[in-house]
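So you can see what is in the structure, the chains are spelled out below.
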Amino acid sequence: IKSAVGFYDKDKIEKIIYNLLNNAFKYTDDGQSITVYIDYKTHNQESKLINIIVEDTGIGIATHEIDNIFNQYYRVKNHHTQNVFGAGIGLSLVKKLVNLHHGNLEVESKEGKGTRFSISIPMSSESYKPGEIRDSFVENPDAVLNLASIENLPPTDLPKLPSSTVKRRVLLVEDNEELLKFLSQSLSEAYEVIEARDGREALAVAGFEKPEIIVSDVMMPYVNGFELCREIKTNKELSHIPVILLTAKSSDKDQYRGLELGADEYLTKPVNIQILKLRIRNLLDTYESVKSKYENKLIGDIDKLEISDNHKDFVRKVVKILEDNITSQDLSIDFFASRLGVSRTLLYEKIKKATGESLGIFIKTNRLNYSAKLLLENHYNTSELAYAVGFSDPKYFSKCFRKQFGQTPKEFLKSKMDAIQ
């Protein structure tokens, strides 16, 4: 067929065909054939069907196995499949996606002869419920369905991001290619997914891609998930990144080891994709909530200050100068006055009226607020943190930090990270 106009979810049709072909390639030897047929039938506007057939001349499936091949994590067991890499996910996903389209899926197979998968999917609007069809067409009129989750659980309320919105980055680390693709497909609608196939590759990728969360298998070659987690959590530039470990090792001892190394979550396989999505979203939201209390708020919310708009603009200018010169140890009243083009007296009066503090106290208070933001983002030690916000004496800085936040920098960081976990 040249074209087929109708109602279907383009992304999910692609996943159906991809997984059927992936399955065929795994079980079809060199020199054998794989064929795809696509047929479009229409009797009238109310009866449109697209038929997709993927057949191969591969190893085939025993009759007693056919009823099980669509069960999640089930794999055919015979001497032909022992060396085939797979997690038993692809065909289960295909069946769920076909069901979401109110379609039909059939399989015919003979051992040693090959396998044929036949799919029929309705493409008329009458085949779908009102809630399954988008209110308006997108650029391609063939991509208009908004089907529900592929799991039996209610779908997670992941944000539908406009194309201009920058997606948050998830680094997936998994040496099983099929499981890696399944997880990547499942998360790619809401997140920018970066893939790595072992812990060694993940460490290299994390260094320059700077993911916002890492989801990793445990049992992998070269560098396993435990070792990856330890490397991430002891790296000054990466230690703030949340880590979720996925593994079939479900004993209390293994879970304790993962959490002791700093893992934020430890999920056992087979993992429910909806639970994983919720854990990712909750971890990212929690980290963002903790950071946002200190990010870009050197004096709190300027708009809430009970002063005139002119005074607010003036305070914003002072804050900007402080941000731009936060590492400087010599931020005197003369420095600010010259930058703002006002007298020392007027500068003092405006800051005092707006914040209730002298300029000196204002600078110190907000150096400390800024240090809290840096601490959560980069996990600096006390000396690094002190110098980063313009204190020349780390001991004095630690004393001031404790007075303002009621904790030393180390205690403050630990309490925030414990609250997240």
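Residues numbered from 1 in each chain as written. Predicted model: local features only at pLDDT ≥ 70, side-chain atom pairs only at ≥ 80, totals over all residues. Heavy atoms only, no water.

So, the pattern of salt bridges
Part 1 of the argument: For the structure on display, the rule yields 15 salt bridges.
Part 2 of the argument: Note that E108 is salt-bridged to R116, the shortest N-O span being 4.0 Å.
Part 3 of the argument: Take E108: its relative accessible area is 45%, and that puts it in the partly exposed class.
Part 4 of the argument: Connected through salt bridges with shared partners, the residues E177, K181, E195 and R197 form a single ionic network. (Salt bridge = Lys/Arg side-chain N within 4 Å of Asp/Glu carboxyl O. Buried < 20%, exposed > 50% of the residue type's maximum accessible area, 1.4 Å probe, protein only.)

Quick word on the pairing of strand β7 (residues 213-217)
Part 1 of the argument: A large share of β7 lies buried, amounting to 5 of its 5 residues.
Part 2 of the argument: Neither face of β7 is exposed, since I213, V215 and D217 on one face and I214 and S216 on the opposite face are all buried.
Part 3 of the argument: Both strand β5 (residues 169-173) and β7 contribute to a ladder of 4 bridges, which runs parallel. Paired with V173 across the strands is S216, a residue of β7.
Part 4 of the argument: Direction of pairing for β7 relative to strand β8 (residues 243-247): parallel, over a ladder of 4 bridges. Looking at β8, one finds that I214 is bridged to V243. (Helix = DSSP H or I, 4+ residues; strand = E, 2+ residues; numbered from the N terminus. Pairing = 2+ DSSP bridges.)

Things to note about the sheet that holds strand β6 (residues 192-196)
Part 1 of the argument: One open sheet holds the 5 strands; their spatial order is β6-β5-β7-β8-β9, and the pairing between them is parallel. Edge positions in the sheet fall to β6 and β9 (265-268), since each has one partner strand and no second. Ignoring strand direction, the axes of neighbouring strands in this sheet form an average angle of 20°.
Part 2 of the argument: Each of β5, β6 and β8 touches helix α3 (residues 177-187); the most contacted strand, β6, lies at about 170° to it.
Part 3 of the argument: The sheet contacts of helix α4 (residues 199-209) involve β5 and β6, and relative to β5 the element is tilted by about 165°. (Axes fitted to C-alpha atoms, helices over the stretch in contact; angles between N-to-C directions. Contact = heavy atoms within 4.5 Å.)

Notes on the environment of K233
Part 1 of the argument: Note that K233 resides in helix α5 (residues 225-233).
Part 2 of the argument: Spatially, the C-alpha atom of K233 lies 8.8 Å from that of V243, the residues being 10 residues apart in sequence.
Part 3 of the argument: One polar contact links the side chain of K233 to the main-chain carbonyl oxygen of I241, over a distance of 2.8 Å. (Polar contact = N/O pair within 3.5 Å; in protein donor to acceptor, adjacent residues only side chain to side chain.)

Some words on the confidence of the model for the protein chain
Part 1 of the argument: On average, residues of the protein chain score 77 in pLDDT, and 77% of them reach the 70 mark or higher.
Part 2 of the argument: pLDDT under 50 marks residues 81-87. Its contacts with residues more than four places away, or in other chains, come to 22 contacts.
Part 3 of the argument: Predicted confidence is poor over residues 136-164, with pLDDT under 50, and the contacts of this stretch with residues over four places away or in other chains come to 63 contacts. (pLDDT = per-residue confidence, 0-100.)

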